[in-house]
Amino acid sequence: TSPALLSAYVALAASTGATAWVSEPFVTRSGQIKGNAYPTSRSDFNHRVCLPDPFTPPAIDATGTVYAAAINGEFRAMDGHTGRTLSSTTLRSAAQGSPAIADRTVVLLSCDGLYVFAEK
(Lines give C-alpha, C1' and ligand atoms only; values in the text may rest on other atoms or scores of the structure.)
Protein backbone atom coordinates (compact mmCIF):
# COMPACT_ATOMS: atom_id res chain seq x y z
CA THR A 1 0.00 0.00 0.00
CA SER A 2 1.29 3.46 -0.83
CA PRO A 3 1.84 5.98 1.97
CA ALA A 4 -1.13 8.22 2.70
CA LEU A 5 -1.29 11.99 2.79
CA LEU A 6 -3.46 12.91 5.77
CA SER A 7 -4.84 16.44 5.92
CA ALA A 8 -7.64 18.17 7.76
CA TYR A 9 -9.42 21.47 8.24
CA VAL A 10 -8.79 23.24 11.55
CA ALA A 11 -11.18 25.76 13.12
CA LEU A 12 -9.82 28.38 15.51
CA ALA A 13 -11.71 30.23 18.23
CA ALA A 14 -11.93 33.89 17.16
CA SER A 15 -11.51 35.21 20.72
CA THR A 16 -8.43 33.18 21.70
CA GLY A 17 -6.94 31.67 18.57
CA ALA A 18 -7.07 28.26 20.24
CA THR A 19 -8.03 25.20 18.20
CA ALA A 20 -11.82 24.78 18.35
CA TRP A 21 -11.91 21.55 16.30
CA VAL A 22 -10.07 19.51 13.71
CA SER A 23 -12.01 17.69 10.96
CA GLU A 24 -11.72 13.98 10.33
CA PRO A 25 -8.66 13.53 8.09
CA PHE A 26 -8.94 13.51 4.33
CA VAL A 27 -6.88 10.51 3.22
CA THR A 28 -5.20 10.64 -0.19
CA ARG A 29 -2.94 7.89 -1.50
CA SER A 30 -0.69 7.97 -4.54
CA GLY A 31 -2.82 7.74 -7.68
CA GLN A 32 -5.96 9.13 -6.00
CA ILE A 33 -5.56 12.72 -7.17
CA LYS A 34 -8.67 13.39 -9.21
CA GLY A 35 -7.43 15.94 -11.77
CA ASN A 36 -6.44 15.36 -15.36
CA ALA A 37 -2.90 14.14 -16.08
CA TYR A 38 -0.10 16.46 -17.09
CA PRO A 39 0.48 16.54 -20.85
CA THR A 40 3.18 14.06 -21.84
CA SER A 41 3.46 14.86 -25.53
CA ARG A 42 2.77 17.72 -27.93
CA SER A 43 -0.54 16.20 -28.98
CA ASP A 44 -1.70 16.14 -25.34
CA PHE A 45 -1.70 19.96 -25.28
CA ASN A 46 -4.83 19.86 -27.45
CA HIS A 47 -6.68 18.23 -24.55
CA ARG A 48 -8.05 19.98 -21.48
CA VAL A 49 -5.70 19.90 -18.51
CA CYS A 50 -7.12 20.54 -15.06
CA LEU A 51 -4.88 20.82 -12.05
CA PRO A 52 -7.21 20.75 -9.04
CA ASP A 53 -6.89 22.67 -5.80
CA PRO A 54 -5.37 20.52 -3.03
CA PHE A 55 -8.19 21.78 -0.81
CA THR A 56 -10.98 24.19 -1.56
CA PRO A 57 -11.39 27.27 0.60
CA PRO A 58 -14.32 26.30 2.83
CA ALA A 59 -17.74 27.93 2.52
CA ILE A 60 -20.09 28.32 5.49
CA ASP A 61 -23.88 28.56 5.25
CA ALA A 62 -26.27 30.46 7.52
CA THR A 63 -26.67 27.45 9.85
CA GLY A 64 -22.89 27.13 10.37
CA THR A 65 -22.40 24.09 8.14
CA VAL A 66 -18.93 24.11 6.55
CA TYR A 67 -18.55 22.79 2.97
CA ALA A 68 -15.12 21.80 1.64
CA ALA A 69 -13.45 19.42 -0.82
CA ALA A 70 -10.06 17.74 -1.15
CA ILE A 71 -7.82 16.71 -4.04
CA ASN A 72 -8.99 13.08 -3.74
CA GLY A 73 -12.48 14.19 -4.88
CA GLU A 74 -14.10 13.95 -1.45
CA PHE A 75 -16.66 16.71 -0.77
CA ARG A 76 -17.93 17.14 2.78
CA ALA A 77 -20.47 19.02 4.81
CA MET A 78 -19.18 19.46 8.37
CA ASP A 79 -20.77 20.80 11.55
CA GLY A 80 -19.21 24.24 12.03
CA HIS A 81 -19.30 23.93 15.83
CA THR A 82 -17.73 20.47 16.18
CA GLY A 83 -16.10 19.59 12.82
CA ARG A 84 -18.10 16.35 12.68
CA THR A 85 -18.82 15.17 9.14
CA LEU A 86 -22.55 15.52 8.42
CA SER A 87 -22.40 14.10 4.91
CA SER A 88 -19.86 13.37 2.21
CA THR A 89 -19.65 12.26 -1.38
CA THR A 90 -16.86 11.43 -3.80
CA LEU A 91 -16.82 13.50 -6.98
CA ARG A 92 -15.57 12.09 -10.28
CA SER A 93 -12.90 14.82 -10.27
CA ALA A 94 -11.39 17.18 -7.71
CA ALA A 95 -12.88 20.62 -7.06
CA GLN A 96 -11.71 23.99 -8.34
CA GLY A 97 -12.31 26.93 -6.01
CA SER A 98 -14.68 27.45 -3.13
CA PRO A 99 -18.26 26.14 -3.05
CA ALA A 100 -20.98 28.76 -3.56
CA ILE A 101 -24.09 28.70 -1.37
CA ALA A 102 -27.53 30.25 -1.95
CA ASP A 103 -31.08 29.28 -1.00
CA ARG A 104 -30.10 25.92 0.59
CA THR A 105 -28.18 24.99 -2.59
CA VAL A 106 -24.44 24.36 -2.81
CA VAL A 107 -22.68 24.70 -6.17
CA LEU A 108 -19.16 23.39 -6.75
CA LEU A 109 -16.98 23.52 -9.87
CA SER A 110 -14.76 20.51 -10.51
CA CYS A 111 -12.35 19.44 -13.22
CA ASP A 112 -15.18 17.57 -14.97
CA GLY A 113 -18.06 20.00 -14.63
CA LEU A 114 -20.46 21.69 -12.24
CA TYR A 115 -22.05 19.95 -9.25
CA VAL A 116 -25.26 21.26 -7.71
CA PHE A 117 -26.44 19.93 -4.33
CA ALA A 118 -29.90 21.09 -3.28
CA GLU A 119 -31.90 20.39 -0.16
CA LYS A 120 -35.07 18.42 -0.89
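See above for the structure.
Residues numbered from 1 in each chain as written. Predicted model: local features only at pLDDT ≥ 70, side-chain atom pairs only at ≥ 80, totals over all residues. Heavy atoms only, no water.

### Focus: unusual backbone geometry
Inference 1: Unusually for a residue other than glycine, Asp103 sits at a positive phi of about 50 degrees.
Inference 2: Position of Asp103 among the secondary structure elements: in the loop between strand E9 (100–102) and strand E10 (105–110).
Inference 3: Looking at Asp103, the relative accessible area reads 75%, which means it is exposed.
Inference 4: Even without a glycine there, the phi angle at Arg104 is positive, about 60 degrees.
Inference 5: Summarising the element assignment, Arg104 is placed in the loop between E9 and E10.
Inference 6: Of the residues examined, Arg104 reaches a relative accessible area of 64% and is grouped as exposed. (Helix = DSSP H or I, 4+ residues; strand = E, 2+ residues; numbered from the N terminus. Buried < 20%, exposed > 50% of the residue type's maximum accessible area, 1.4 Å probe, protein only.)

### Points about the nonpolar core
Inference 1: Residues Tyr67, Ala69, Phe75, Ala77, Leu91, Ala95, Val106, Leu108 and Tyr115 constitute the largest nonpolar core, which totals nine residues.
Inference 2: Looking at this core, the elements with two or more residues in it are strand E6 (65–69), strand E7 (74–79) and E10.
Inference 3: The residues contacting Tyr115, other than those within four sequence positions of it, are Leu91, Arg92, Ser93, Val106, Val107, Leu108 and Ser110.
Inference 4: Counting residues in each nonpolar core, the second largest holds eight residues, with Ala11, Phe26, Ala70 and Met78 among its members. (Core = buried A, V, L, I, M, F, W, Y, C linked by side-chain atoms within 4.5 Å. Contact = heavy atoms within 4.5 Å.)

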